[in-house]
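Architecture and fold: a report
Residue strings, one per chain:
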Amino acid sequence: MAANTSQTTPTDYGYVRVASVVPAVSVADVKYNYDEIVNAVHSAIDRGAAIIVAPELCLSGYTCGDLLANEHLLDSVESALLNLSKEFADERVMVVVGAPLRCCGALYNCAVVLYGNGICVVPKSYLPCYKEFYEKRWFAPASHAQTRRSITIANREVPFGTDFLFDVGRATVAVEICEDMWVPVSPGTIAAINGANIIVNLSASNELIGKHNYLVNLIKHRSDRCIAAYVYSSAGYGESSTDLVFAGNAIIAENGNILAEGERFSLEPRVAVADIDISSLEHERRVNSSFGDSLAQYAHPYEHMKVKTTALNYDEIRLERTIKPLPFVPVDDVRRDERCAEVVNIQSTGLMRRLEATGISRLVVGISGGLDSTLALMVAVEAFDRLGLSRTGIIGITMPGFGTTGRTRGNAVTLMETLGITSLEISIAAAVKQHFIDIGQGANNHDVTYENSQARERTQILMDYANKVGALVLGTGDLSEMALGWATYNGDHMSMYNVNCSIPKTLVKHLVQWFATRAHEAGDEVLSTTLLDVLGTPISPELTPADDNDNILQVTEDIVGPYELHDFFLYNMLRHGYSPIKLFFLARHAFDGIYTPATIKHWLITFVRRFFNQQFKRSCVPDGPKVGSVSLSPRGDWRMPSDASSALWLRECDNLL
C-alpha cells in the first residue's frame, strides 16, 4: 500500500479512546476502593482505552467528612497511590484518580495522574462552600500552594500544580476537578485555549431533581465552547447517603455532543468508553478564528508531560462511537420534527424578507413533480400565508419535455390545484426541437446537449415569464446537487432566490414528509397523498425519454450515486475536514451491510472528482438562506478556486483498500 499523505494514519484515523469509570466505593475503606479502582481501570484497558478517569476522592470516598483529617486514612491513600502507579506502569495508559493529599501543612483535593512510572498531582482550584457542600472545612484551594512545584507522596516527590498538560499522542489532556467546571472561567477553558483538546473532570456531584439534565447540558456546552472533549466521572453508589445521594455519572462529550453516558443509580461499577475525534477538533479550531484570538487574553505557561500509550488499530477493532449515516437528519422523531419546523421557518423567513426588500409580491416557480420543486413550492406557500398574500401570486409552471412522465406531470398539476396557486403548463418540446435545428443537434442524439437544451429552455421560460408579470424566479436546486454540480450551467443552476440552496437531498425528503404529515393532520388527504407519491418517485431530471410503459429511465442515483453516501461525504469533508481515507473508514462503519467497501470507494471517487471540477458552478449561484453548519455559498461558506486540483485527494482514493 502506498504511503498515506494525510496527517491521519491508516490505523488511528485521528481517534483517541477514552474511558470514564465509576468504581464501587466504601467510605474510608482505602483497600476496598483500591481494588475496585483496579478492576474498573482494567475493564477500560481491556476495551482499549488510553485515557481513563475515575471520580473525585475515589480512593478515600468523597463523603468521609472529618475523617479526612485522620492521619491513618491519609497515609493509606498515599501508599495506595504508589501501588496504583506500579499496577499500571506497564499498561501504557494514563489513569486519573481522585485522592486527598497533604502539602505544606494543608490538605488538598487532588487529581492524581498516573502514566508509566510517572505521577503528577493537580489540586482542585475552586472549593464549593455553600448549601450541602463545604469543602473549605477540610481542603485548601490550589491557589494556597501556587509557589509549590512538587508534593511528597509516601516519601516520593512528584510534580504538583495546576499548570500541567499531558501529551498523549495527538491528544493534549488537561485536568480539573468538579467545581472547577462550574465557575465562569474554568481551568479547563483556559487550558483548552492553550492547546488542551481533552479535558477530564473528576467529580462528586450529588443528585437533585433536574440537576442531571443541567449537568449534561453544562458538559455539552463546555465541550462546545472549548472545542474539546470532556471526560467526566462522578462518585456513585457506596458514598454516604446521610444527606445526599450520588448516582455515578460517567459522561463523555465532544464539541457539544454526548458520545457515551453510563447508567446512573446502578449498584454495579460502570465503564463508559468513546473514541474522541482529535482530527475533527483540530480542524474546528483551525477554522474558528475567535478561538485562536482568545489566546492573547488567556495565554498561560503550561508544563507538558509526555504520556506514552498503546496505539489502537481501528481497522481491526470496533469504533466506540456512533457514526450517523444521515448526519443532516436527526435520528430521534421529536428532534427531526423540530428540525424540519426550524428549517422551514428559516427558508420561508428568508423568502419573505427578499419579497419585502424588492417590493415584489409574485413568484414564478417551475413545478416538475419532483422533490426539490415540491419543497420550494411548499415553502413559498408558507411565506405567502405568513405575509398575508394571496396564493394566486405564486405562479407555478409545469413544462413537460421529452422525458416527462404522466406520474410527475400529474403530481405537479395536483399540487398546484390543491394549494390554490396560479398554474400554467407550457410545453418545451416545440421550442427545443427548433433549437436543435438551429444548432444542428440530432433529436435522437440523447447526449448532454440534448439534456441541457431542455433545462435551459425551462429556465428561459421562467425568467421571461417572471419579467412579464413582475415576479421573482424561485430556485429549487438543493445542496447535494450543488456539491456534485448536478445542474445545468445557466439552466436550473440560475434563479433570483433559492430557498433550497443549503438543504441536502436527504433532508429534502424528510421535509416533504413533514409537510405530508401536516397536511394529513389538517385533513387534506389529497395534498398529503400527492406529497407522499412525490416522495416515492425516483429522483430524476427527466431529460431523456421514458420507457414504453411511461416509467422513468433516467434515475439520478444510478448515474451520480446514492445521495445518502454523497451527503455523508459532503458533511464530513466540509464540517470536519476529513481526508478520503477517513471518509472511507467512517462510511464503512456507517453503511455496514448496506454498501460494500468497493461501492463506497467507487462513489467516493465520484464525489471527489465532481466536487472539484464543478466548483465553477458554485462560484456564481443565486442568493439563498443558510440553514445549517454546512453550506456552499461562495459569499461566505465555501471559497475555492474553480481550477483547484483534485489530484491529492484522488491519489489517496486510489490507495484505499
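These numbers were taken from a predicted model, which means no experiment stands behind them.

Definitions and limits used
- Residues numbered from 1 in each chain as written.
- Predicted model: local features only at pLDDT ≥ 70, side-chain atom pairs only at ≥ 80, totals over all residues.
- Heavy atoms only, no water.
- Helix = DSSP H or I, 4+ residues; strand = E, 2+ residues; numbered from the N terminus.
- Buried < 20%, exposed > 50% of the residue type's maximum accessible area, 1.4 Å probe, protein only.
- Contact = heavy atoms within 4.5 Å.
- Areas by Shrake-Rupley, 256 points an atom, 1.4 Å probe, with all protein chains shown as cover.
- Lys, Arg positive; Asp, Glu negative; His and termini not counted.
- Charge placed at Lys NZ, Arg CZ, Asp CG, Glu CD.
- Pairing = 2+ DSSP bridges.
- Axes fitted to C-alpha atoms, helices over the stretch in contact; angles between N-to-C directions.
- Core = buried A, V, L, I, M, F, W, Y, C linked by side-chain atoms within 4.5 Å.
- Expected span 1.5 Å × (residues − 1).
- Polar contact = N/O pair within 3.5 Å; in protein donor to acceptor, adjacent residues only side chain to side chain.
- Patch = residues over 30% accessible without salt bridge, like charges linked within 9 Å, V, L, I, M, F, W, Y side chains within 5 Å.
- Salt bridge = Lys/Arg side-chain N within 4 Å of Asp/Glu carboxyl O.

This brings us to the overall build of the chain. A count of helices and strands for the chain gives 21 helices and 22 strands. Its C-alpha atoms give the chain principal-axis dimensions of roughly 100 × 55 × 45 Å. Across the 657 residues in the chain, those meeting the buried criterion constitute 56%. The long-range fraction of contacts in the chain, counting pairs at least 24 apart against all pairs at least 6 apart in sequence, stands at 75%. Put simply, the chain shows about 27,300 Å² of open surface, and 49% of that area lies on carbon and sulfur atoms. Treating the 56 positive side-chain charges of the chain as one cloud and the 75 negative ones as another, the clouds have centres 4 Å apart.

Once that is clear, we can look at the sheet that holds strand E20 (residues 422–425). The parallel open sheet is built from 5 strands, whose spatial order is E20-E19-E18-E21-E22. Of all the strands in the sheet, just E20 and strand E22 (497–498) have a single pairing partner and so form its edges. Bridge count for strand E18 (residues 363–366) against strand E19 (residues 394–398) is 4 bridges, and the pairing is parallel. Each residue of the ladder has a partner; that of Val364, found in E19, is Ile395. The sheet contacts of helix H9 (residues 371–387) involve E18, E19 and strand E21 (472–475), and relative to E19 the element is tilted by about 165°. Contacting E19 and E20, helix H10 (residues 406–419) crosses the sheet at an angle of about 165° to E19.

Moving on, we get to the pairing of strand E14 (residues 250–254). E14 sits mainly inside the fold: 5 of its 5 residues count as buried. Side-chain alternation along E14 places Ala250, Ile252 and Glu254 on one buried face and Ile251 and Ala253 on a second face that is also buried. Looking at chain direction, E14 and strand E15 (residues 257–261) are connected through 4 bridges and run antiparallel. From the neighbouring strand, Ile252 faces E15, where its bridge partner is Ala260.

What follows is about the pairing of strand E8 (residues 150–153). Pairing of E8 with strand E9 (residues 156–159) involves 4 bridges; the strand directions are antiparallel. Paired with Ile151 across the two strands is Val158, which belongs to E9. The turn linking E8 back onto E9 is made up of 2 residues, and Ala154 within it adopts a positive phi angle of 50°.

On to the nonpolar core, then. Of all hydrophobic cores here, the largest spans 90 residues; its most connected members are Leu351, Leu363, Phe569, Leu570 and Phe611. Among the nonpolar cores identified, the runner-up in size contains 54 residues, and Val38, Ala44, Ala49 and Val121 belong to it.

Here we take up helix H2 (residues 71–87). For H2, built from 17 residues, the straight-helix expectation of 24 Å at 1.5 Å per residue is met to within 8% by its first-to-last C-alpha distance of 24 Å. By the burial criterion, the buried members of H2 are Leu73, Leu74, Val77, Glu78, Ala80, Leu81, Leu82, Leu84 and Ser85. The N-cap of H2, judged by a side-chain oxygen 3.0 Å from the amide nitrogen of His72 a few residues on, is Asn70.

A separate point is helix H19 (residues 597–613). An ideal rise of 1.5 Å per residue puts 24 Å on 17 residues; H19 measures up with 24 Å between its terminal C-alpha atoms. Considered for burial, the residues of H19 that qualify are Ile600, Trp603, Leu604, Ile605, Thr606, Phe607, Val608, Phe611 and Phe612. Contacts from the buried residues of H19 go to helix H13 (479–484), helix H16 (556–559), helix H17 (563–576), helix H18 (580–590), helix H20 (615–618) and helix H21 (647–654).

Turning to unusual backbone geometry, a few remarks are in order. Look at Leu57: it is not a glycine, yet its phi comes out positive at around 50°. Relative to the helices and strands, Leu57 is located in the loop between strand E2 (51–53) and H2. Look at Leu57 and you get buried, because its relative accessible area is 0%. Positive phi, normally seen in glycine, also occurs at Cys104, with a value near 55°.

A separate point is the sheet that holds strand E5 (residues 118–123). The strand order across the open sheet built from 6 strands is E5-E4-E3-E2-E1-E16, with neighbouring strands paired in mixed fashion. At either margin of the open sheet sits one strand with a lone partner, and together these are E5 and strand E16 (270–277). For this sheet, the mean angle separating the axes of adjacent strands, direction not counted, is 30°. Across 10 bridges, strand E3 (residues 94–103) lies against strand E4 (residues 106–115) in antiparallel orientation. Residue Pro100 lies in a different strand from E4, and its bridge partner there is Asn109. The strands touched by H2 are E3, E4 and E5; relative to E3, the strand with the most contacts, the crossing angle is about 150°.

Inspection of the secondary structure puts Gln615 in helix H20. A distance of 2.7 Å separates a polar atom in the side chain of Gln615 from a polar atom in the side chain of Arg618. For Gln615, the side chain forms a polar contact with the main-chain oxygen of Met640, separated by 3.1 Å. The residues touching Gln615, leaving out its near neighbours within four places in the chain, are Trp638, Met640, Pro641 and Ser642.

The residue Ala191 is located in helix H3 (residues 187–193) in this model. Sequence separation of Ala191 and Ile151 is 40 residues, and the distance between their C-alpha atoms is 22 Å. Setting aside anything within four residues of it in sequence, one finds Ala191 in contact with Leu165, Ala174, Ala196 and Tyr302.

Turning next to the environment of Leu73. Position of Leu73 relative to the elements: it lies in helix H2. The sequence separation of Leu73 and Pro100 amounts to 27 residues, and the corresponding C-alpha distance is 9.4 Å. The residues touching Leu73, leaving out its near neighbours within four places in the chain, are Ala28, Val30, Ser60, Cys64, Leu67 and Leu68.

A grouping of Asp332, Asp337, Glu338 and Glu521 is seen on the molecular surface, where their side chains present a negatively charged patch. When you line up the elements, Glu521 lands in helix H14 (residues 505–521). Assessed through its relative accessible area of 63%, Glu521 is described here as exposed.

Applying the stated criterion to the full structure yields 28 salt bridges. Here Arg47 makes a salt bridge to Glu320, at a shortest N to O gap of 3.3 Å. You can see Arg47 sitting in the loop between helix H1 (30–46) and E2 and its partner Glu320 sitting in the loop between strand E17 (303–306) and helix H8 (333–358), a full 273 residues away along the chain. Across the pair Asp66 and Arg137 runs a salt bridge whose closest N-O atoms are separated by 2.9 Å. Of the two residues, Asp66 is situated in the loop between E2 and H2 and Arg137 in the loop between strand E7 (133–134) and E8; the sequence distance between them amounts to 71 residues. Through salt bridges that share partners, Asp372, Asp478, Glu481 and Lys505 make up one connected network.

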